[in-house]
Amino acid sequence: MPSETVEEYLEAIYKLEQEVSPVTTSALAARLDLSPASVSEMTRKLAQQELALYEPYRGVSLTEDGRRTALRLIRRHRLWERFLTDLLGLNWDVVHEEACRLEHAASDLVTERLAEVLERSETCPHGHPIPTAQGEVAVEATKPLTGLEPGEKGLVQNIVEERRDLLRYLKDLGLVPEATVYLEAKAPFEGPLTVRVEGKQHILGQRAASLVMVKPL
């Protein structure tokens, strides 16, 4: 079994690969809040274990074994998030950190029982798809809220980052998965967006809006 540290690296690389591949060590260091030197050392170890491919000055990408391990961990994490939200009633802004603690301890047996209890839920509370036990992941064609043009509508699919303050803020605005958002206006020079959610108008900064992924309607 990979160590907890290795699992965290593989999970972070997989998520960054959804944005760009190969993943630079600087991007990985920023995501894990570690020094570039320590990240470079670990990526070499991952390559030695045949969990990743590492090319100095270019970046790192997962092998098939690394990808399978990452998806198994992500499956556990998102199932725990759903369990904590749906069955224990925790707010969606706290379950990410709790799931981080639980994902490393659960066996495959417990994970699959969890999936049964949750009636094969397809997404976590933040809208991200839960990988199947076979490592398959549903992919939706989405774009950031900033990618809409004034007059367009979008259905919120997921929130890119799971920071507690961000999630609490977006929930207050009603920007949660399955919510319909209408873009009324977009200020020039990367200015704020004026959006309408459930009949209420809100002003949303570019940074926060870029983290809300929507499916154009």
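This section reports on the structure supplied with the text. Given the structure is predicted, the values throughout are model-derived calculations rather than measurements.

Moving on: the overall build of the protein. For the protein, the count of helices and strands is eight helices and eight strands. In terms of overall dimensions, the protein is globule-like: its C-alpha atoms have a radius of gyration of 18 Å, near the 17 Å expected for 217 residues. With the C-alpha coordinates aligned to their principal axes, the bounding extent of the protein is approximately 55 × 45 × 25 Å. Look at the contacts in the protein between residues 6 or more apart in sequence, and 64% of them connect residues 24 or more apart. Of the roughly 11700 Å² that the protein leaves accessible, carbon and sulfur atoms contribute 51%. Computed over 26 positive and 35 negative side-chain charges, the separation of the two mean positions in the protein equals 2 Å.

Right, let's get into the sheet that holds strand E6 (residues 193–197). Pairing is antiparallel in the open sheet, where six strands are placed in the order E3-E8-E4-E5-E6-E7. Unpaired on one side and paired on the other, strand E3 (143–144) and strand E7 (200–204) mark the two borders of the sheet. Across five bridges, E6 lies against E7 in antiparallel orientation. Across the sheet, residue Arg196 finds its bridge partner in E7, namely Gln201. Relative to E7, helix H7 (residues 164–173) is tilted by about 150°, and along the sheet it contacts strand E4 (153–159), E6, E7 and strand E8 (212–216).

Those residues of helix H6 (residues 108–117) that sit buried are Thr111, Leu114 and Ala115. For H6, the angular spread of buried residues about the axis comes to 100°, placing them on one side. The secondary structure elements touched by the buried residues of H6 are helix H4 (64–86). A positive backbone phi angle near 55° is found at Glu119, which sits one or two residues after H6.

The next point concerns the pattern of salt bridges. For the coordinates displayed, the defined rule picks out 19 salt bridges. For the salt bridge of Arg207 with Glu161, the shortest nitrogen-to-oxygen distance reads 2.8 Å. Residue Arg207 is located in helix H8 (residues 206–210), and its partner Glu161 is located in the loop between E4 and H7; the two are separated by 46 residues in the primary sequence. A single salt-bridge network, built from bridges that share partners, covers Glu161, Arg163, Asp165 and Arg207.

With that settled, consider unusual backbone geometry. The amide bond that connects Ser21 to the next residue, Pro22, takes the cis arrangement and shows omega of 0°. You can see Pro22 is positioned in the loop between helix H1 (4–17) and helix H2 (25–32). Phi is positive for Glu190, close to 60°, though the residue is something other than glycine. Mapped onto the elements, Glu190 comes out in the loop between strand E5 (180–186) and E6. Look at Glu190 and you get exposed, because its relative accessible area is 71%.

You can see Ser61 is positioned in strand E2 (residues 59–62). Look at Ser61 and you get buried, because its relative accessible area is 16%. Setting aside chain neighbours within four positions, we find Ser61 in contact with Glu17, Ser21, Ala52 and Leu53.

What follows covers the environment of Thr146. You can see Thr146 is positioned in the loop between E3 and E4. Spatially, the C-alpha atoms of Thr146 and Leu88 are 34 Å apart, while their sequence positions differ by 58 residues. Setting aside residues up to four positions removed in sequence, Thr146 forms contacts with Lys186, Leu193, Gln206, Ala209 and Ser210.

What follows concerns the packing of aromatic side chains. Summed over all chains, the structure comprises one aromatic pair. Geometrically, the ring pair formed by Trp80 and Phe83 is edge-to-face, given 5.6 Å between the ring centres and 90° between the ring planes. Pair noted here: Trp80 and Phe83 are both in helix H4, with a separation of three residues, about one helical turn. There is no split in this pair, since Trp80 and Phe83 are both buried.

How each quantity is defined
Residues numbered from 1 in each chain as written. Predicted model: local features only at pLDDT ≥ 70, side-chain atom pairs only at ≥ 80, totals over all residues. Heavy atoms only, no water. Helix = DSSP H or I, 4+ residues; strand = E, 2+ residues; numbered from the N terminus. Rg over C-alpha atoms; globule rule 2.2 N^0.38 Å. Contact = heavy atoms within 4.5 Å. Areas by Shrake-Rupley, 256 points an atom, 1.4 Å probe, with all protein chains shown as cover. Lys, Arg positive; Asp, Glu negative; His and termini not counted. Charge placed at Lys NZ, Arg CZ, Asp CG, Glu CD. Pairing = 2+ DSSP bridges. Axes fitted to C-alpha atoms, helices over the stretch in contact; angles between N-to-C directions. Buried < 20%, exposed > 50% of the residue type's maximum accessible area, 1.4 Å probe, protein only. Arc of directions from axis to C-beta. Salt bridge = Lys/Arg side-chain N within 4 Å of Asp/Glu carboxyl O. Phe/Tyr/Trp six-rings, centres within 6.5 Å; stacked < 30°, edge-to-face > 60°.

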